[in-house]
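Results of the structural survey
In case you want the letters, here they are:
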Amino acid sequence: MTASSGALGAPGGSVPASATPPIVLAIADQRQRQRRRFRLIFIATWFVVIGGALLGLVAGGKIDFAFMGEWTPYIIGGVTTTIYVAVISIAIAIVFAVFGALGRLSSNSILYSLSTLYVSMVRGTPLLVQILFIYLALPQIVPFVNDVPKEVLGIFALSFNYGAYMTETFRAGIQAVPRGQTEAAQALGMPAQIRMRRIVLPQAVRIITPAIGNEFISMVKDSSLVSVIGVPELLWRAQRIGQSHFKGLETLIVAAGIYWGLTIMLSLVQDRLEKRMAESDRRI
Amino acid sequence: MTTNTTPDPYAAVRDEWARPGALTPTGATPIVRTLALEKYFGSNHVLRGVTLDVYPRETICLIGRSGSGKSTLLRCINFLEEPTVGAVEVDGVRVNADPLHARDRNHREQIRQIRMRAQMVFQEFNLFPHLKVIDNLIEAPVRVKGVSRDQAIATAEKYLDKVGLSEKRDEYPARLSGGQKQRVAIARALTMEPKVLLFDEPTSALDPTLVGEVLNVMEELAHEGATMIVVTHEMAFAREAADRVYFIEEGVFLEVGPPEQVIENPRDPRTREFLARTLGAAHVHQGGAIHEPERGAAHLHGEGPAHGRDDHGDHDDRPLSGHADMGHIEGRDHL
């Protein structure tokens, strides 16, 4: 076997290292060094910017690290509430979205009208207004809302809002399922309801799973809005300490840092899931 | 639906070309009928009064250029397209075209009765990608016909075996080749135990090397006495398997007859032109006769010249080992 055929990856694989021409090794080596350098500078830049900002605050005597250290565990305790509010809200939002999407695709004019009204109304008003409306305005109409726990009201507001946005996502996902799938199900004699439930929706959910991941990450951040009605989640805890000690800078830096960390972690999880799904798509 | 009080408006409508096929039991009446069927897409008149009678155990091929209405006719039979005027009858179930009441519960239930009896095989297979092969097959029998799961699995395995894909039972469709997908689609249709199979250009989406395996399965079904209506451009298949070939042009049947007439000695110049284009000009000889092109892997019944449909009596008893990959098919289908 000649050296050049070894460089081209001759079948059999176990070509002695000496068979690879030096220039090929040199190229690979250079490329690896460049990649490593790029990553190093990337991380260094983050450190310089963030570390510099913190150092500046310390040097200027603007920040009380001892106070931050003391209260960080208490603020982190709010992560549990943040996560469970987000998880339950996204789950309920999916239910709203499925019905919303079915309505938007319905040939029944009343169902279509109702779901369009829902989407338009929710998307046309700020989430904060909706949360306050449910907490402050709704009890004037139906007094029993006063007795409903704040967490439940917050979760309802979040899922009602996200359901409207995800309605459009689900509608697009359902429409992205090829027409032939419906025709095949029709030809097999399946009635509309079975067609939708067994054939179209499962494929639509697959199509929009990445989008649902993004919505969940947004939900984790937007759940901070329910702090205004007193749901004791992450931001509520930070605000409570910050306001009573006049240390808004310290507590809000901690809260922001935790949200940021959560977002990075969830994005990594999502990347993994998407990669695995892409693999199983190759299988399926 | 016709009742005792209203006279049948289609009593006099007949497919003048239809006669019982070689395998049709004596005394049998047509199992599929389209009665003066018309279809408009908007103002586009696609079917212009099509009457087709198909007897049990016949194989009918519909040929014609694209846009001639052949696929539309097939899709009207199981109401994937609602016909504009006319009626469809499958196994005694008569459904009148009723485009103004297409969404009525009653009409839809009648259509469902037709669809259970007439199963479609699509050009693009349309297998359900999120379900394993076996689940593709049993989904409709279990959910629509109310067959028990065990019974449905037994039936599905029987037909998977028939199309030679028992070992793919637990695969997902994406792991199958195009030819295997189409064979699974045929097995899915068979698992519904229909009275008639409708094939809508079943090999047109296939890589040429995979056409043969699908045609072999269809051939086998035809010779076993399945009732089939096939829209196809595979003239060799039509000649080998069809009892009658219907050449459709601009929504009407232009020329109908046994394949040796329509394909080899077409009378109408438009049929001749179509065949010349489909088979390649080289195969058209002076008398209008057309010789079978070389088909390689898709060569239908092993060696030798193509057989006419008349010698089917012999075919039924032929040793099946002649079909290398279909050797395990046994017995006649009940279709």
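Residues numbered from 1 in each chain as written. Chains lettered and ligands numbered in written order. Predicted model: local features only at pLDDT ≥ 70, side-chain atom pairs only at ≥ 80, totals over all residues.

1. Some details on the overall build of chain A
Helix and strand counts for chain A stand at 11 helices and zero strands. Listed N to C, the secondary structure of chain A is α-α-α-α-α-α-α-α-α-α-α in terms of helices and strands. Computed over C-alpha atoms, the radius of gyration of chain A comes to 27 Å, more than 25% over the 19 Å expected from 2.2 N^0.38 for 284 residues, which places it beyond the range of a compact globule. If you line up chain A on its principal axes, its C-alpha atoms span 85 × 75 × 25 Å. Here chain A holds 284 residues, and the buried ones make up 26% of them. Intrachain contacts of chain A at a sequence separation of at least 6 include 72% that bridge at least 24 residues. (Helix = DSSP H or I, 4+ residues; strand = E, 2+ residues; numbered from the N terminus. Rg over C-alpha atoms; globule rule 2.2 N^0.38 Å. Buried ≥ 20, exposed ≤ 12 C-beta atoms within 10 Å, placed from the backbone. Contact = placed C-beta atoms within 7 Å.)

2. A word on helix α5 (residues 178-191) of chain B
Residues and elements named next belong to chain B. The end-to-end C-alpha distance of α5 is 20 Å, a good match for the 20 Å that 14 residues give at a rise of 1.5 Å each. Of all 14 residues in α5, 13 are buried; the element is thus mostly enclosed. Backbone geometry just downstream of α5 places Glu193 in the positive-phi region, at approximately 50°. (Expected span 1.5 Å × (residues − 1).)

3. Some remarks on the confidence of the model for chain B
Residues and elements named next belong to chain B. When pLDDT is averaged across chain B, the result is 85; 82% of the residues are at 70 or more. Note on residues 281-334: pLDDT is under 50 here. Beyond four places in sequence and across chains, it has 72 contacts. Model confidence for the complex is summarised by a pTM of 0.79, with the ipTM given as 0.81. (pLDDT = per-residue confidence, 0-100.)

4. Structural notes on the interface of chain A and chain B
In this assembly, 17 residues from chain A lie in contact with 21 residues from chain B. Elements with a minimum of two residues in the side of chain A that touches chain B: α8 (179-187) and α9 (192-222) of chain A. For the side of chain A that touches chain B, the residue count by class is eight nonpolar, five polar and four charged. (Nonpolar A, V, L, I, M, F, W, Y, C, P; charged D, E, K, R; others polar.)

5. Here we look at the packing of helix α4 (residues 149-162) of chain B against α5 of chain B
Residues and elements named next belong to chain B. Remark: α4 packs on α5, axes separated minimally by 9 Å, with the N-to-C direction vectors making an angle of 140°. Considered as vectors, α4 and α5 are oriented oblique to each other. The crossing of α4 and α5 is right-handed. Where α4 abuts α5, its residues Thr155, Ala156, Tyr159, Leu160 and Lys162 lie against Ala187, Leu190 and Thr191. Split by residue class, the contact of α4 with α5 holds five nonpolar, two polar and one charged. (Axes fitted to C-alpha atoms, helices over the stretch in contact; angles between N-to-C directions. Parallel < 35°, antiparallel > 145°, perpendicular 65-115°, else oblique. Left-handed = near helix turned anticlockwise from the far one by under 90°.)

6. Describing helix α1 (residues 70-77) of chain B
All names here are of chain B. Among the eight residues of α1, eight are classified as buried, and the element is accordingly described as predominantly covered. Here α1 has its buried residues at Lys70, Ser71, Thr72, Leu73, Leu74, Arg75, Cys76 and Ile77. Of the residues flanking the end of α1, it is Phe79, one or two places downstream, whose phi is positive at about 60°.

7. A short note on the pairing of strand β3 (residues 59-63) of chain B
Residues and elements named next belong to chain B. In terms of residue burial, β3 counts as a mostly covered element, since five of its five residues are buried. The alternating pattern of β3 places Thr59, Cys61 and Ile63 and Ile60 and Leu62 on opposite faces, both of which are buried. Bridging between β3 and strand β8 (residues 228-231) involves four bridges; their strand directions are parallel. The residue of β8 that forms the bridge with Ile60 is Ile229. Pairing of β3 with strand β9 (residues 244-249), which is carried by four bridges, proceeds in the parallel orientation. Considered in β9, the bridge of Leu62 is made with Tyr246. (Pairing = 2+ DSSP bridges.)

8. Quick word on the sheet that holds strand β4 (residues 85-90) of chain B
Residues and elements named next belong to chain B. Strands sit in the order β2-β1-β4-β5 across an open sheet of four strands; the sheet is antiparallel. Among the strands making up the open sheet, the edge pair consists of β2 (44-54) and β5 (93-96). Direction aside, neighbouring strands of the sheet carry axes that sit 20° apart on average. Across the face of the sheet, α1 comes into contact with β1 (32-41), β2 and β4 while running at roughly 120° to β1. Seen against the sheet, helix α2 (residues 105-117) touches β4 and β5 and runs at an angle of roughly 130° to β5.

9. Remarks on the pairing of strand β7 (residues 196-200) of chain B
All names here are of chain B. Summarising burial for β7: five of the five residues are buried, a large majority. Because side chains alternate across β7, one face comprises the buried residues Val196, Leu198 and Asp200, and the other comprises Leu197 and Phe199, equally buried. Where strand β6 (residues 118-121) lies against β7, four bridges are found, and the strand directions are parallel. In the strand pairing of β7, Met120 is matched with Leu198. In this sheet, β8 lies alongside β7 in parallel orientation, the contact comprising four bridges. Within the sheet, the bridge partner assigned to Asp200 lies in β8 and is Val231. The parallel pair β7 and β8 is bridged by helix α6 (residues 211-224), and the resulting crossover is right-handed. (Right-handed = clockwise from strand over helix to strand, strands pointing away.)

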